[in-house]
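Residues per chain, in single letters:
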Amino acid sequence: MLQRHVMRSEGSSVGLPVDAAYSRSYGSIEVEDEKEIDLLAILGHAIRWRWLIGIFLLVGLLLGLIYSIVAPKMYLATARLELTMPTAKVLQDIELTATTSDERAIMTAIERIKSRSIAQRIVADLDLAQNNRFLALNGGLSLSNILERAFGVGGLDTGSLTADERDRLAVAKVQSIVTPTEQRNTSIIDVDAKFPDPALAAAIANATARAYIDQGVDIGSETSDLARNFITEQVREVKGKLETSEKALLDYAKAQNITVTGDDDSLVAKNIGALNESLSEVIQERLTLGRKVEQLDADRGAFLPEMVESDALNELRNKISTLKGEYREKLATFKPAFPVMQNLAGQISEMERQLQFAVDGLGESIRAQYDAAQAREADLKAKLSELENEQRTFQDKKIQYTILKREVDSNRSQYESLIGKLNEVGVGSNLQSRKAEIIEAAAVPIAPYAPRRSWSMLFGIILAGTLAAATIFLIELLNNKFMTPDQVEKELNLPMLGLIPLIKTGDPKLADFNSPTSAISEAFRSLRTALSFSGANGTPRTLAVTSTEPSEGKSTIAHKLAQDFAALGVRTLLIDTDMRRPNQHRMFGTDNVIGLSNLLTGTLDQRGATKVFRQTENPNLRLMTAGTIPPNPVDLLVSSRMTKLITALDERFDLIIFDCPPVMGLSDAPVISRLAEGTILVVSQKQVLRKSAAHAAERIRRAGGQLVGAVFNKFDAGLTDGYSGYRYMSYEYYQYAGSAETPSLSKPEAVSHSDAQETAQSRREVNDSIYDRFRRAGVAIRDRLERAE
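Residues numbered from 1 in each chain as written. Predicted model: local features only at pLDDT ≥ 70, side-chain atom pairs only at ≥ 80, totals over all residues. Heavy atoms only, no water.

J.: Please set out the overall build of the chain residue by residue, giving values where relevant.
T.: Along its length, the chain carries 26 helices and 12 strands. Within the chain, the fraction of its 789 residues that count as buried is 37%. For the chain, restricting intrachain contacts to residue pairs at least 6 apart in sequence, the fraction spanning at least 24 positions comes to 81%. Total accessible area computed for the chain in this model is approximately 44900 Å², and 55% of it derives from carbon and sulfur atoms. (Helix = DSSP H or I, 4+ residues; strand = E, 2+ residues; numbered from the N terminus. Buried < 20%, exposed > 50% of the residue type's maximum accessible area, 1.4 Å probe, protein only. Contact = heavy atoms within 4.5 Å. Areas by Shrake-Rupley, 256 points an atom, 1.4 Å probe, with all protein chains shown as cover.)

J.: Requested: an account of unusual backbone geometry, with residues and values cited.
T.: Note on backbone geometry: most residues besides glycine have negative phi, and most peptide bonds are trans. Of note, the amide linkage connecting alanine 450 to proline 451 takes the cis form, showing an omega dihedral of -5°. In this structure, proline 451 sits in the loop between β4 (436-440) and α14 (453-478). Its identity is not glycine, yet serine 551 carries a phi of approximately 65°, on the positive side. Its place among the elements puts serine 551 in the loop between β6 (542-547) and α18 (554-567). Despite not being glycine, lysine 686 has its phi angle at roughly 55°, a positive value. With respect to the helices, strands and loops of the structure, lysine 686 is situated in the loop between β11 (678-684) and α25 (690-702). Of the residues examined, lysine 686 reaches a relative accessible area of 47% and is grouped as partly exposed.

J.: Go over the packing of helix α5 (residues 116-126) against helix α8 (residues 163-177) with me, naming the residues and quoting the values.
T.: Where α5 meets α8, the closest approach of the two axes is 9 Å, and the angle between their N-to-C directions is 115°. Between α5 and α8, the angle falls in the class roughly perpendicular. For the pair α5 and α8, the crossing hand works out as right-handed. Where α5 abuts α8, its residues Arg116, Ala119, Gln120, Ile122 and Val123 lie against Arg168, Ala170, Val171, Val174 and Gln175. Of the residues in the contact of α5 with α8, the class split is 6 nonpolar, 2 polar and 2 charged. (Axes fitted to C-alpha atoms, helices over the stretch in contact; angles between N-to-C directions. Parallel < 35°, antiparallel > 145°, perpendicular 65-115°, else oblique. Left-handed = near helix turned anticlockwise from the far one by under 90°. Nonpolar A, V, L, I, M, F, W, Y, C, P; charged D, E, K, R; others polar.)

J.: Residues and numbers for the pairing of strand β10 (residues 655-659), please.
T.: Judged by how many residues are buried, β10 sits mostly within the fold: 5 of 5 residues are covered. The side-chain alternation of β10 yields two buried faces, one formed by Leu655, Ile657 and Asp659 and the other by Ile656 and Phe658. Across 5 bridges, strand β7 (residues 572-576) lies against β10 in parallel orientation. In the strand pairing of β10, leucine 574 is matched with isoleucine 657. (Pairing = 2+ DSSP bridges.)

J.: Give a detailed account of the sheet that holds strand β1 (residues 75-83), specifying residues and quantitative values.
T.: Taken together, the 4 strands give an open sheet; going across it, the order is β2-β3-β1-β4, and neighbouring strands pair in antiparallel fashion. Whereas interior strands pair on both sides, the edge strands pair on one side only; in this sheet they are β2 (178-182) and β4. In this sheet, adjacent strand axes meet at a mean angle of 30° when their direction is disregarded.

So this is what it looks like as structure tokens:
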């Protein structure tokens, strides 16, 4: 009946889309977890925060421009060094691959060029400690440098520096100026010098290259003589140790009568190895013969390979087969007692006897071989045991021999290594050469390499864009409230039943609840339509309306829904179940003396109980207020009287709407949702936290309540600027042409305000059209990609 009333009266209504609720029973909807990058959403955020992005980009552009003007001009001079890599390795014990050695040599050279010792050579070579211009110039963007460039004041007072301070300052500046870099896949190092004076930059780059080469020659010359004297002394000492250890080894071998082969194994060990090989072969042979003997003992000797593959036995078997065939043929003509038949039978018996004799002979031969294999195995095991005893005795003697021989080998290895190193040092000292060559000297640069105005401005824009994106991301991350209906559906996993616009103070187009042509009334009619399709049986007969927090508009929505359903002729009862902060009696302009709490406590007689159902302006709508505020509202709601009351009211009314308290912090709403057929969760835009709303929906589900869907209340389309789709929504469409309720603007101030609104609207339409083009292009590209897949 309820569904019939709603469907008949909603044929001409203009409502919001309710496709998400069609042909779906109460509960939640499946929301896909999209983890792909949504380019349209990113574009929407960019349009939404366009002013912030524009300010950041403008500031970044200005900062880049200011930096390119204020920053000192820097000149770059480059000298090129080619390292001379060794082509052969003399020390075999530390030989490395050529690639690894070259890379290590290049990295070592780079670190040496950056060292303090090289900087000191450069300062001494160019006398930079006494160059006031070098000490005063500074390429940094410090305050003193900016003031000096702009007004000629500030800077370093070099006259007050001592000699040591000048040296330290000059060395530190050289180290900050010089930057060596490796050229990939080559042995070339670029020595870069960056300085505001182009001539000094070139001089420092060339001086650095010369200093590195001179330092390498000096170090090589100093170390050659020291290395030769040290190695000669070591050779003399190790040679004496080698002679002493060799004499001790020979004396011990003679005393113990030890003889070893060239590979340090004794003759006994070699014999043991040979016996082990022979023993393995004999054991294998014995196992093979043993399996054959087992087959003979089982009267299956005829199947042995020797029996099957024997030509003589096969010949006998063929003859027996031939005679048996002849016997069977003649048996059809002659009787067995006939002489011819007896002669054939005798030949067959003789042949079979010969066959059996041959088989028995082969079997005996196999048994004899098996006995011989067992005997050989026993002999080899006995001999092996004797040799193992001799080997143990030899090993006891060889322990000391091995110790002495190891000492001899160690001394000999050290002696040979030292001889090789001594030869290498001798050859290296005779063939001493420079380890690097200057292949290209640094020229005085003509134009500065930095700052470049275009690059500075581009870097400023990129940095500003990055900071703007980070700022927007942080703002969006901290904004954990609902802005669009899509967010409600995704976070709460609920279908969206309707959007209720925000009622702004002084807005006559939305404030009139009773006008059937107002936008707010049309929004509630759309909600009513969505509820009609929310389940298989239409609108739930008992409907609970609740919210996460107070002041989200749940009482207003319950009040308006009750009026709209009653307007269709549906017998509707609105029960204010918020027995803590009741509100419905104020909205209907009545008292709250008696109500639901009085019924549940049993303090009313039959006559007083009838007064609980209050008349309203609509004859199809009845109101039951909350009644006297009790100390224990939850105890009353979970009582059996509440269940019986709902059962009785369900027979009398077509629709019962419960105005419930908020979910968070209270147990009333989950209890009522379990008693109702369906529950609506009211969510206000930019008010309730997402986690709080999700927790409220989960509490209702755990309590056994059936969530029909959500209502997005206090919706302001202006706050969704940048969110795809909702930015175009306007409830002005619901205003009927020529409506008498639309106020006229007669004052000049109103006309001026209207013109400003039209200008702002035109600007928004231009932005919307640009965004719409991007959105349509993105959707088209996405559709093509999906079809291609």
